[in-house]
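What follows is the residue order along each chain.
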Amino acid sequence: AVFNSISESSNGNSSSSSTLSMKPRDVLSCIVDKQLGMNEKPDYISSRAYIKVLRPTIKSKNGGQERPPWYNACPGVNCKRKVVELDGGLSCVACDKSYPNKIERYTLSACICDGTSYTWVSMFDEAGEQLLGISAKELAVIYENDREQYNAKFSKVSHQDYLMNIKCKKSTWEGAIQERKEIAK
């Protein structure tokens, strides 16, 4: 069977004939069984998994209204931080600069599963673009103009098998240690 790949191979290809399809694959249950991501350094696995749910919107952490799965990022070189509106412009706290424009970057959330387990993963800009086949900026235009077409983009990639590299790492949020999983290049 041929499966789509979300993660890029080491040679930059993203086709199913890339080296990712040749790597030995782990099942998702090994994340828990081997306690992957709980060490100081991240752990990586290659897996074939099914996207069960790809959220077209994200709920705010404070329980507020839902927002699309991207954020407005700094257009500065090598900066991917969020920009905030300030005095009619956009400001990046990390760069300490103001900008007239922004770059939309994906922050997707998906539930993936295989025959052994399921887990929630994050997908950031490159993986999101690879999966949806469209940039966050282009999707933002569709979101504003045609919600039916927008939702169709998410439905099209859901309920399919994909080859992916998963990065498991621990992080601390408000004093609690959490395991985070994201689709890696």
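Residues numbered from 1 in each chain as written. Predicted model: local features only at pLDDT ≥ 70, side-chain atom pairs only at ≥ 80, totals over all residues. Heavy atoms only, no water.

**Regarding helix α2 (residues 125-132)**
To keep things clear, this is the line we draw: When accessible area is computed with a 1.4 Å probe and restricted to protein chains, residues below 20% of their type maximum are described as buried, those above 50% as exposed, and intermediate ones as partly exposed. A run of H or I in DSSP becomes a helix once it reaches four residues, and a run of E becomes a strand once it reaches two; helices and strands are each numbered from the N terminus. Regarding the arc, it is the one traced by the directions from the helix axis to the C-beta atoms.
Turning to α2, its buried residues number three or more, namely D125, A127, G128, L131 and L132. With its buried residues spanning 165 degrees around the axis, α2 presents them on a single face. The positive-phi residue at the C-terminal boundary of α2 is G133, with phi of around 75 degrees.

**Notes on the confidence of the model for the protein**
This is how it is decided: Each residue carries a pLDDT score, the predictor's own confidence in it, on a scale running from 0 to 100. Here, residues are in contact when the closest pair of their heavy atoms is within 4.5 Å.
Confidence along the protein averages 86 in pLDDT terms, with 89% of residues attaining 70 or more. Here strand β1 (residues 4-5) stands out as the element of the protein with the lowest mean pLDDT, 72, in contrast to helix α3 (residues 136-145), whose mean of 96 is the highest. Predicted confidence for residues 9-18 stays below pLDDT 50, and this span has 13 contacts to residues more than four positions away or in other chains.

**Observations concerning a positive patch on the surface**
The condition that has to hold: Residues enter patches when they are more than 30% accessible in relative terms and free of salt bridges; like-charged ones are connected within 9 Å and nonpolar ones (Val, Leu, Ile, Met, Phe, Trp, Tyr) within 5 Å. Method for areas: the Shrake-Rupley scheme with a 1.4 Å probe, in which residue coverage is limited to the protein chains shown. Salt bridges, as used here, are contacts in which a Lys or Arg side-chain nitrogen is within 4 Å of a carboxyl oxygen on Asp or Glu. Counting rule applied: Lys, Arg positive; Asp, Glu negative; His and chain ends not counted. The location of each charge is read from NZ of Lys, CZ of Arg, CG of Asp or CD of Glu.
Taken together, the side chains of K61, R67, K82 and R180 define a basic patch exposed on the protein surface. Relative to the assigned elements, R67 resides in strand β4 (residues 66-67). Here R67 falls in the partly exposed class, since its relative accessible area comes to 32%.

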